[in-house]
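Next come the chains, spelled out residue by residue.
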Amino acid sequence: MANIALSILDEHFAARWAALGPEWTRRKHRRAGVAAMRLVRYADDFVVMIAGKREDAEALWGEVGAVLAPMGLRLSEEKTRTCHVDEGFDFLGWRIQRRTWRRRTGKRAVYTFPSKKALASVTDKVRTLTRRARHRTLADLLRRLNQVLRGWCNYFRHGVSSRTFGYIDHYAFWRVVRWLRKRHVRLSMRTLVRRFLPNWQVRDGGIELFRPQTVVITRYRYRGSKIPTPWSSTATPVPAA
């Protein structure tokens, strides 16, 4: 329903972008101080990116509100904010912020990495799953824990996430060790390692703990309209009956 209701926003900003004309006229408008903006939306979460002054960005509050009003919708003041890309913002679990480009003196780049809220969410899930009374065996625990870790890492593996993955790996591993120590209070740490952590690998019944630090980071590169699609952009003629 959100996609249907908010498609009016897509149409509005697509029309504004088209009004700027081709690339050379957009450059001309930019030099003249005319603001250019694009909309990025997923369901009811969206970001309006604008090249212009802060006054142009502030004016979008009223503009977007006027577009949504006929649909009986309004902007949430708690979730909506105006910011500069250098300040950064959260979107769909990502923190998006322009920072100094690593190993590039005097240059800056836009970084995308897991937000603090997304990190807190996955650690809370790991903490909940590794409570002593929730699982009968280590294999049951690993099965549930791997689902959470693998899904989270697959989502965030296209950003600047290697350090975050290392932290999650360390946190999940020692939460499992803590779970084992609580389940086997009479075993010494040496015996626990020999029995359940051979070579410091957590496994049981053929199931091994998924290690986030082993996930390969594949940085996303913007491709715009060059993304391949199975759908043809031209209509296929229908043969006559």
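The sections below set out a description of the structure shown in this document. (Residues numbered from 1 in each chain as written. Predicted model: local features only at pLDDT ≥ 70, side-chain atom pairs only at ≥ 80, totals over all residues. Heavy atoms only, no water.)

### Digging into the side chain of Thr 123
Link 1 in the chain: Checked against the element boundaries, Thr 123 lands in helix 5 (residues 116-129).
Link 2 in the chain: Accessibility expressed as a relative area gives 8% for Thr 123, which makes it buried.
Link 3 in the chain: Here Leu 119 takes part through its backbone oxygen, which lies 3.0 Å from a polar atom of the side chain of Thr 123.
Link 4 in the chain: The residues contacting Thr 123, other than those within four sequence positions of it, are Tyr 167, Ile 168 and Tyr 171. (Helix = DSSP H or I, 4+ residues; strand = E, 2+ residues; numbered from the N terminus. Buried < 20%, exposed > 50% of the residue type's maximum accessible area, 1.4 Å probe, protein only. Polar contact = N/O pair within 3.5 Å; in protein donor to acceptor, adjacent residues only side chain to side chain. Contact = heavy atoms within 4.5 Å.)

### A look at helix 5
Link 1 in the chain: Helix length check: helix 5, at 14 residues, gives a terminal C-alpha distance of 20 Å against a target of 20 Å (1.5 Å per residue), a fit within 8%.
Link 2 in the chain: Those residues of helix 5 not exposed but buried are Ala 118, Val 122, Thr 123, Val 126 and Leu 129. Seen along its axis, helix 5 keeps its buried residues to an arc of 130°; they face one direction. Relative to its buried face, helix 5 has exposed residues pointing more than 90 degrees away, namely Lys 116 and Lys 117.
Link 3 in the chain: The elements touched by buried residues of helix 5 are helix 6 (138-156) and helix 7 (162-183). (Expected span 1.5 Å × (residues − 1). Arc of directions from axis to C-beta.)

### Brief notes about the pattern of salt bridges
Link 1 in the chain: Using the criterion set out here, one finds twelve salt bridges in the structure.
Link 2 in the chain: Note that Arg 81 and Glu 87 form a salt bridge whose closest N and O atoms lie 3.8 Å from each other.
Link 3 in the chain: We note a salt bridge from Arg 211 to Asp 169, for which the minimum N-O separation is 2.6 Å. Here the residue Arg 211 occupies a position in the segment after strand 7 (207-208), and Asp 169 occupies one in helix 7, the gap between them amounting to 42 residues. Residues Arg 211 and Asp 169 agree in their burial class; the two are buried.
Link 4 in the chain: By sharing partners, the salt bridges in this structure join Asp 86, Arg 98 and Arg 108 into a single network. (Salt bridge = Lys/Arg side-chain N within 4 Å of Asp/Glu carboxyl O.)

### Focus: a nonpolar patch on the surface
Link 1 in the chain: Taken together, Tyr 42, Leu 92 and Tyr 155 make up a surface patch of nonpolar side chains, about 320 Å² in accessible area.
Link 2 in the chain: With respect to the secondary-structure elements, Leu 92 resides in the loop between strand 3 (89-91) and strand 4 (94-100). (Patch = residues over 30% accessible without salt bridge, like charges linked within 9 Å, V, L, I, M, F, W, Y side chains within 5 Å. Areas by Shrake-Rupley, 256 points an atom, 1.4 Å probe, with all protein chains shown as cover.)

### Points about the side chain of Arg 211
Link 1 in the chain: Since its relative accessible area comes to 15%, Arg 211 is described here as buried.
Link 2 in the chain: Within the structure, the side chain of Arg 211 is placed 2.6 Å from the side chain of Asp 169, a separation counted as a polar contact.
Link 3 in the chain: With residues near it in sequence (within four places) discarded, Arg 211 still touches Asp 169, Phe 173, Trp 200 and Gln 201.

### A short note on the packing of helix 5 against helix 7
Link 1 in the chain: The interhelical angle for the contact between helix 5 and helix 7, taken along N-to-C directions, is 15°, at an axis separation of 10 Å. Relative to helix 7, helix 5 is oriented roughly parallel. Relative to helix 7, helix 5 is oriented so that their crossing is right-handed. Contacts between helix 5 and helix 7 involve Leu 119, Val 122, Thr 123, Val 126 and Arg 127 on the former and, on the latter, Thr 164, Tyr 167, Ile 168, Tyr 171, Ala 172 and Arg 175.
Link 2 in the chain: When its residues are assigned to classes, the contact of helix 5 with helix 7 shows seven nonpolar, two polar and two charged. (Axes fitted to C-alpha atoms, helices over the stretch in contact; angles between N-to-C directions. Parallel < 35°, antiparallel > 145°, perpendicular 65-115°, else oblique. Left-handed = near helix turned anticlockwise from the far one by under 90°. Nonpolar A, V, L, I, M, F, W, Y, C, P; charged D, E, K, R; others polar.)

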